[in-house]
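Secondary and tertiary structure notes
Single-letter residue listing:
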Amino acid sequence: MEHIRNIAIIAHVDHGKTTLVDQLLKQSGTFRANQAISSEVRIMDSMDLEREKGITIRAKNASFKWHKYHVNIVDTPGHADFGGEVERCMKMVDGVLLVVDAHDGPQAQTKFVLKKALQNGAKPIVVINKIDRENARPHKVLDMVFDLFLELHATDKQLDFPVVYASARDGYAMDEIGQESTTMEPLFAAIIKHIPAPAKSEVSYFQMLASNLDYSDYLGRIAYGRIVSGRVSVGDTAVCIHKDGRRERSNVTSLFSYEGLAKVEIKHASAGDIVGLTGFEDAYIGETITDTEERLPLPFVDIDPPTITMQICINDGPLVGREGKLLTARQIRERLVRETRTNVAIIFSDTDMAGHFELQARGEMQIAILVEQMRREGFELLVSRPEVIFQRDEKGNVLEPIESVYIDVPTENLGDILQSLANRKGTIVNMSHAATSVTVEAEVPTRGLIGFGTDLVNCTKGVGVMSHLFKEYAPYKGEIPTRYNGVLVSMEQGTSMGYSLETIQERGRLFIGPQEEIYAGMIIGENARPDDMPVNPCKAKRLNNMRSSGDGKGLALAAPIVMTLERSLEYIGPDEYVEVTPKSLRLRKKILDAGLRKRSKDKVIA
C-alpha cells in the first residue's frame, strides 16, 4: 500500500485537466514511442461528444507507473452540470491536483470541486497551468487560490499546500517560476511526496465502496471503487449492502484494474487498489460490497439533488421513421434506464401517458448531451422545454432553485448584461473591474438561466464567459418572461418553396430553407410580433403563359437560422417540442392540428 497513490484531477472547464493527464501518461512511459495513441491530443476524452465540444463529460480512470509507485488517476469533468461525476469520485482518492489557469485564476467550478475535495479530507496540490500564456500572472493567481482555500474553511494542514507551475500543452513543470525544466518530473515528485498512501484500515475483512459504474454486455454491471480494507479474489463470495438495507449475496465473477488507459483483468486485489468488480447486477453508486451479511455499510457523500426536469416522448410526427431506426417507447425506456445505471445525477420516471418519460437532471446541458448521444445511436424522439423542480417549505410556500452565476464581460457590454439579469430576477452580489472587462457575481433563479447563455454570446459577440453553480432553494421570485416573440407555424404538409419563403421572411426570421420536408404544426421561423402566425411555406409560383411584372426578378432569401440542440431546448415554449432524429432537428407544436390547438388554448383560458 505504501507504493499506491490515488489522485483526482479537478478544475474549471478549459483549464487544462485532460491535457495534463495526457502528459503524465506519456512521460511516465505508459505508451511505447511508436504507439499511435502517443501522438494523440486529449487521449482521455474518448467520447465523440467530448472531442467535439472540448469538455470532459464522464469521469474516467487511468493509471501510470513512476519508478516503483503505482498512481491511479481519475479525470473529472469541469462543467457544473456534470458535478455528480466529481462528487462520487472523491471517495476513491486520497489527494487532488487542483489545476488553475495562470491568467483566469480560480473560477466558479474550481470553488465547487475544491469544496467537495476539502470536505472529504483530500490532500490538495495546486498546479498553476498555462504559465506560457503571454498574460500569465501566476503570483496573483496563487494569492487568489489561497483566498479561496480560506473562504472554504480549509484546515491548517490543507492550507499548507504545495504549488507546481506547469504548461501541460508543452509538457513541462517547475517548482518555482524561472527554473529550467523540460519535463513533468517536478509534478511526479510532488505527487509521490505530498499525496498520502491509502490509509490502513483498522479492520482486516474485505470492504469496498462503489463510486462509479460501467456496463458490459458479457459480464453485466461493473462496480468501480476503492478497496477500503482486506483483499478480494475472483470466485470469492461477497455481499452487497443496498441503500434500502437489503443484503444480496453473490460471487465475484471478475476483477479489473487499469494499466494506462487499458482495462486489464486481475485475479486478486487488496486495500488501496481502485478496481472494477462484477457479479452484482443491482449494485449502485454509494453501496458497500463486503464479505458477510452482518457488516455495516460504509458512509457515502450524498449527491446534490437535480434542479431541472423535462419530458422525453416517442416521435408521433408525420415524418417519423424516415431517419431513425429506434422509435418505440420500449426502446427509449430501456435506453434511459441504461443511462441511469451509470449516471447518478439523472433520475428517470414513467408518467401517466404511454410513451412519455420524465427526466430530472442538474442542467439543460446534461440532458442535451444525453439526447445528442441517443440521436447518434439512431433514436427518434421528442424533447420538451426544461422546467425547474419546485419544492415547498413547512408552511407550504413555493421554493425554487437559485444559482450563483459568475460572468466575465467586456466593459462596454456591462449595461446590457445587467439589464438582462434584472429581467431574469437576478440579484447582483459583487462586481470587480479589470482593465477592459468586468466580473459580475449574481444570484439568479435557475429558470432565469435557461437561455441566458445565448443572450450572453449574442450581446458580447462571443467574448463573454459564464459559469454557474447551484446555491440553494429560496422563495419563488415571480414570473420571468421566457420568449418575447411568437413563432411562424406551417399549416400545410409538403416541401418548402423559395417563392413562398420569400414572402414569409418579411414576417420574421426563418429556421428553414427551400426544398425541405415540412408538416402542419411545424415551427418554420420566429414571428416579429408576440403572437403565433400560421403560414403556408409550400405555395409554389403558378406557372402559366402570362407575363407578370415580376419577370426576371431573382429570389432574395436570407440565410435561415440554424439552431443547435441546446439552443433549441432553450428557445421552445411550454406548448412546443424539439423533434430529434439522427439527421435533423425540428421545432414543432405539441398539438399539430391548428383547430385542436386553438380549442385546448381556449380551455386553458376558460
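Residues numbered from 1 in each chain as written. Predicted model: local features only at pLDDT ≥ 70, side-chain atom pairs only at ≥ 80, totals over all residues. Heavy atoms only, no water.

1. A few points about the overall build of the protein
A count of helices and strands for the protein gives 15 helices and 35 strands. Out of the 606 residues in the protein, the part that is buried amounts to 52%. Taken as a whole, the protein presents about 28300 Å² of accessible surface, with 50% of it coming from carbon and sulfur. (Helix = DSSP H or I, 4+ residues; strand = E, 2+ residues; numbered from the N terminus. Buried < 20%, exposed > 50% of the residue type's maximum accessible area, 1.4 Å probe, protein only. Areas by Shrake-Rupley, 256 points an atom, 1.4 Å probe, with all protein chains shown as cover.)

2. Regarding unusual backbone geometry
A positive phi is found at Lys130, a non-glycine position, where the angle reads about 65 degrees. Checked against the element boundaries, Lys130 lands in the loop between β5 (123-129) and α5 (138-151). Of note, the phi angle at Gln515 is positive, near 60 degrees, even though the residue is not glycine. As for its position among the elements, Gln515 is in the loop between β30 (508-510) and β31 (517-518). Given a relative accessible area of 58%, Gln515 falls into the exposed group.

3. Re the confidence of the model for the protein
Taken over all residues, the pLDDT of the protein has a mean of 83, while the share at 70 or more is 89%. Note that residues 32-39 has pLDDT below 50 and, in this model, nine contacts with residues that lie over four places away or in other chains. (pLDDT = per-residue confidence, 0-100. Contact = heavy atoms within 4.5 Å.)

4. Re the pattern of salt bridges
Under the definition given, this model contains 27 salt bridges. Across the salt bridge formed by Lys130 and Asp101, the nearest N and O atoms sit 3.5 Å from each other. With Lys130 in the loop between β5 and α5 and Asp101 in strand β4 (residues 95-101), this residue pair connects regions lying 29 residues apart in the sequence. A salt bridge links Glu579 to Arg586, with the shortest nitrogen-to-oxygen separation between them at 2.9 Å. You'll find Glu579 and Arg586 in the same group, each marked buried. Overlapping salt bridges, with partners in common, bring together Asp101, Asp104, Lys130 and Arg133 in one network. (Salt bridge = Lys/Arg side-chain N within 4 Å of Asp/Glu carboxyl O.)

5. Details of the packing of helix α10 (residues 414-423) against helix α12 (residues 452-460)
At a minimum axis distance of 10 Å, the contact between α10 and α12 shows a crossing angle of 160 degrees. What the angle tells us is that α10 and α12 run roughly antiparallel. Seen along the crossing, α10 lies across α12 with a hand that is right-handed. Along the contact surface, α10 presents Asp416, Ile417, Ser420 and Leu421, while α12 presents Phe452, Asp455, Leu456, Cys459 and Thr460. (Axes fitted to C-alpha atoms, helices over the stretch in contact; angles between N-to-C directions. Parallel < 35°, antiparallel > 145°, perpendicular 65-115°, else oblique. Left-handed = near helix turned anticlockwise from the far one by under 90°.)

6. Describing the nonpolar core
Within the largest apolar cluster, 34 residues are counted, with the highest numbers of intra-cluster contacts made by Leu98, Ile128, Val145 and Phe149. Looking at this core, the elements with two or more residues in it are β1 (4-11), β4, α4 (108-119), β5, α5, β6 (163-167) and β7 (172-174). By residue number, the principal contributor to this core is α4, which donates five residues. If we ignore the near neighbours within four places in the chain, the residues touching Leu98 are Ile10, Thr110, Leu114, Ile125, Val126, Val127, Val145 and Phe149. Counting 29 residues, the second-largest nonpolar core is a separate cluster that includes Met310, Ile312, Ile523 and Ile572. (Core = buried A, V, L, I, M, F, W, Y, C linked by side-chain atoms within 4.5 Å.)

7. So, the packing of helix α8 (residues 329-342) against helix α9 (residues 364-376)
Between α8 and α9, whose axes approach to 12 Å, the crossing angle comes to 130 degrees. Classed by the angle they form, the pair α8 and α9 counts as oblique. The handedness of the crossing between α8 and α9 comes out as right-handed. On α9, the residues that touch Ile332, Arg335, Leu336 and Glu339 of α8 are Leu370, Gln373 and Met374. Across the contact of α8 with α9, the residue classes break down as four nonpolar, one polar and two charged. (Nonpolar A, V, L, I, M, F, W, Y, C, P; charged D, E, K, R; others polar.)

8. Quick notes on the sheet that holds strand β9 (residues 220-229)
Here eight strands make up an open sheet; going across it, the order is β12-β11-β17-β8-β9-β16-β13-β14 and the pairing antiparallel. Two strands bound the open sheet, and with one partner strand each, they are β12 (247-251) and β14 (262-266). Between one strand axis and the next, the sheet turns by 35 degrees as a mean value, whatever way the strands run. Bridging between strand β11 (residues 237-241) and strand β17 (residues 288-290) involves three bridges; their strand directions are antiparallel. Paired with Val239 across the two strands is Thr290, which belongs to β17. (Pairing = 2+ DSSP bridges.)

9. Some words on α9
Compared with an ideal rise of 1.5 Å per residue, which puts 13 residues at 18 Å, α9 spans 18 Å between its outermost C-alpha atoms and is within 8% of the ideal. With twelve of its 13 residues buried, α9 lies for the most part within the structure. Glu364, Met365, Gln366, Ile367, Ala368, Ile369, Leu370, Val371, Glu372, Gln373, Met374 and Arg375 are the residues of α9 that are buried. Within two residues after α9, Gly378 carries a phi angle of roughly 105 degrees, on the positive side. (Expected span 1.5 Å × (residues − 1).)

10. Considering the environment of Phe256
Summarising the element assignment, Phe256 is placed in strand β13 (residues 254-259). Residue class for Phe256 comes out buried when judged on its relative accessible area of 8%. The spatial distance from the C-alpha of Phe256 to the C-alpha of Val275 is 5.5 Å, given a sequence separation of 19 residues. Residue contacts for Phe256: discarding those within four places in its chain leaves Leu219, Ile222, Lys263, Val264, Glu265, Ile266, Ile274, Val275, Gly276 and Thr278.

11. Things to note about the packing of aromatic side chains
All chains considered together, the criterion is met by seven aromatic pairs. Ring plane angle 45 degrees and centroid distance 6.3 Å describe the contact between Phe146 and Phe161, whose orientation is recorded as tilted. Of this pair, Phe146 sits in helix α5 while Phe161 sits in the loop between α6 (156-159) and β6, and the two are 15 residues apart along the sequence. Taking the relative accessible area as the measure of exposure, Phe146 reaches 35% and is therefore partly exposed. Aromatic rings pair up to connect Phe64, Trp66 and Phe188 into one cluster. Sitting over the ring of Tyr205, Arg295 keeps its end group 3.6 Å from the ring centre. (Phe/Tyr/Trp six-rings, centres within 6.5 Å; stacked < 30°, edge-to-face > 60°. Lys NZ or Arg CZ within 6 Å of the ring centre and 35° of its normal.)

12. Focus: the pairing of β1
The buried fraction of β1 amounts to eight of the eight residues, a majority that puts the element mostly inside the structure. Both faces of β1 are covered, namely the face carrying Ile4, Asn6, Ala8 and Ile10 and the face carrying Arg5, Ile7, Ile9 and Ala11. Note: β1 against strand β3 (residues 69-75), six bridges, orientation parallel. Within β3, the position partnered with Asn6 by the bridge is Asn72. Bridge count between β1 and β4: five bridges; the pairing is parallel. For Ala11, the partnering residue across the bridge sits in β4 and is Val99.

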